[in-house]
Structures are given as structure tokens and as C-alpha cells.
Amino acid sequence: DFMLFLNHIKDHPIQKTKTGSISIKPILPLLNQFKDNRHLVEIREMGWELHREDEYDVLLQIKIIALNLYIIYNRKENIYLSKKGRGYLDKVDPLSQYTAMVLHYWYRTNWDYISPTHPCGKSNFGEILYQNQNEIWEMLLKEKDKWLNFETFANVLINYLHLNNYFKNTYDPHEDPQFSIN
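Residues numbered from 1 in each chain as written. Predicted model: local features only at pLDDT ≥ 70, side-chain atom pairs only at ≥ 80, totals over all residues. Heavy atoms only, no water.

**Looking at the packing of aromatic side chains**
Any two aromatic rings considered together are summarised by their centre-to-centre distance and by the angle between their planes. Rules: To pair, rings of Phe, Tyr and Trp, with the six-membered ring standing in for Trp, must have centres within 6.5 Å; the planes then decide the type, stacked if under 30 degrees apart, edge-to-face if over 60, and tilted in the middle. Strands are runs of DSSP state E lasting at least 2 residues, helices are runs of H or I lasting at least 4, and numbering of each runs from the N terminus. Think of it in three bands: with a 1.4 Å probe and only protein chains considered, a residue is buried below 20% of the maximum accessible area for its type, exposed above 50%, and partly exposed in between.
Under the defined criterion, the tally for this structure stands at five aromatic pairs. Centroid distance F2 to Y88: 6.4 Å. Interplanar angle 85°. Geometry classified as edge-to-face. Of this pair, F2 sits in helix 1 (residues 2-11) while Y88 sits in helix 5 (residues 83-91), placing them 86 residues apart in sequence. An identical accessibility class is assigned to F2 and Y88; each is buried. Ring geometry for W106 versus W137: centroids 5.1 Å apart, planes at 85°, classification edge-to-face. Of the two residues, W106 sits in helix 6 (residues 94-108) while W137 sits in helix 9 (residues 133-142), which places them 31 residues apart along the sequence. The class of W106 is partly exposed, set by a relative accessible area of 24%. Put simply, the rings of Y105, W106 and W137 touch in pairs and so form one group of aromatic residues.

Here it is as C-alpha cells:
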């Protein structure tokens, strides 16, 4: 989907809305070609329409990663493929393209921007994971090919990263006036 998006921009700059988001209507045929279009299918099954880029996570994520790679850029009312982007498409082998995309996602993209989470102390959950990803990878890779008990691993992370308050269930249906029974 990432490469499909870039190849489309190469010959057809993508129109932006007044707020700077991708204008959805002109690129619906492109979105229909995405391999990961489950969200688009769900939207249609519910009888809804896609109006904004932030309603389609895959599109927003592709745009953010491409901007972080400096292979697309914004100019007035369009998004264009940059000179670096043309080189990325025409001169870089597929493995290196994929590696660059993944590494920019891991190391140069704030995960909370791509997938917003709730506040967790002075940060957000996504930011905390992003900032501690090397330690998380180290814990995972230390086990090599052994199976991990996810619940144990999650609890270790919660304690290590001091996330107890984030995962505390503070909802009490007995105190919810919407569900009170008289």
C-alpha cells in the first residue's frame, strides 16, 4: 500500500483540503486498490462514507511515514513526490525501500501521532513505548525463539515502565448515573 501510494503520487499529486489533510474523494480509486482495506470495507458495510484522512488509519500512517522519510512534501494545495522520493522509487531496491520505511517508522515517527493513545502521567502510552522501544526489543530478543507468556511479558512491561495507573480499571458501573437503577 505504501508503494502503491508513492507510485500514484509520482504522476498524480494528491489534492489537500483547506485544513491540509488529504482530499479523500479524488483518491478513492487508489484506496480501493490497497491490500489492507479492511477498515474501508467496514465503513462501507455500515453505510458510512470516508470523509477525512484521519478516518482511515492506513492512509494517515502512510502519509506520516512518507513525510518522515522526506519522500513526499506539501506545497500549497497538493502533496507531491519529492526528488528524494523519485530516487527512492526508481533507484532503491525493494528490500532497502522496505528497510528504510520500517526503520523510519520505528525510530523517527512518534507512535502516538500515528495511533493516538490516552494520557499516562506526563506522557501518552504510545510515546512511552516509543521512548523505551530499545529496552522492549532487548527483552523480546533475549528470549530468542522461545515462546513468551504474553500476560507475564505485559506485566513486566507495566511494572518496568511504571504504567500501573494507565491500566487500572477505574470504571465502576454502580457510580455511573447513566446506568443507575432506581
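**Digging into helix 4 (residues 57-68)**
Going by this rule: To estimate how far a helix should reach, multiply one less than its number of residues by 1.5 Å. When checking whether two residues touch, look at their non-hydrogen atoms; a contact exists if any pair is within 4.5 Å.
An ideal rise of 1.5 Å per residue puts 16 Å on 12 residues; helix 4 measures up with 16 Å between its terminal C-alpha atoms. Listed as buried for helix 4 are V58, L59, L60, I62, K63, I64, I65 and A66. Looking at the packing, one finds that the buried side of helix 4 touches helix 1, helix 2 (28-33), strand 2 (72-75), strand 3 (78-81), helix 6 and helix 7 (111-114). Within two residues after helix 4, Y70 carries a phi angle of roughly 60°, on the positive side.

**Here we look at the sheet that holds strand 1 (residues 14-15)**
For clarity, the threshold we go by: When DSSP finds two or more bridges between two strands, those strands count as paired.
Spatially, the three strands line up as an open sheet ordered 1-3-2, and their pairing is antiparallel. Among the strands making up the open sheet, the edge pair consists of strand 1 and strand 2.

**Some thoughts on helix 1**
Where we set the bar: Working note: the arc is built from the helix axis to C-beta atom directions.
Where helix 1 is concerned, the buried positions are F2, F5, L6 and I9. In an axial view of helix 1, the angular spread of the buried residues amounts to 95°, which keeps them on one side of the axis.

**Topic: the packing of helix 1 against helix 4**
In helix packing, the relevant descriptors are the interaxial angle and the interaxial distance, both defined with respect to the helix axes. The cut-off we apply is this: Helix axes use the C-alpha atoms of the stretch in contact, all axes being lines fitted to C-alpha atoms, and the angles between their N-to-C directions lie in the range 0 to 180 degrees. These descriptions rest on fixed angle ranges, namely under 35 degrees for roughly parallel, over 145 for roughly antiparallel, 65 to 115 for roughly perpendicular, and the rest for oblique. We call a crossing left-handed when the near helix sits turned anticlockwise from the far one by less than a right angle, and right-handed when that turn is clockwise. For this scheme, ten residues count as nonpolar: Ala, Val, Leu, Ile, Met, Phe, Trp, Tyr, Cys and Pro. Four count as charged, namely Asp, Glu, Lys and Arg, and the remainder, Gly too, count as polar.
Between helix 1 and helix 4, the least distance of the axes is 10 Å, while the angle of their chain directions is 70°. When the interaxial angle is binned, helix 1 and helix 4 end up roughly perpendicular. Crossing handedness for the pair helix 1 and helix 4: right-handed. The segment helix 1 lies against helix 4, with F2, F5 and L6 engaging L59, I62, I65 and A66. Of the residues assigned to the contact of helix 1 with helix 4, the class counts are seven nonpolar, no polar and no charged.

**Considerations on the pairing of strand 3**
One ladder, built from two bridges, connects strand 1 with strand 3; its direction is antiparallel. Looking across to strand 3, one finds that I14 is bridged to I79. Examined bridge by bridge, strand 2 and strand 3 share four bridges and lie antiparallel to one another. Its bridge partner lying in strand 3, R75 is registered against N78. Joining the antiparallel neighbours strand 2 and strand 3 is a turn of two residues, in which K76 adopts a positive phi near 50°.

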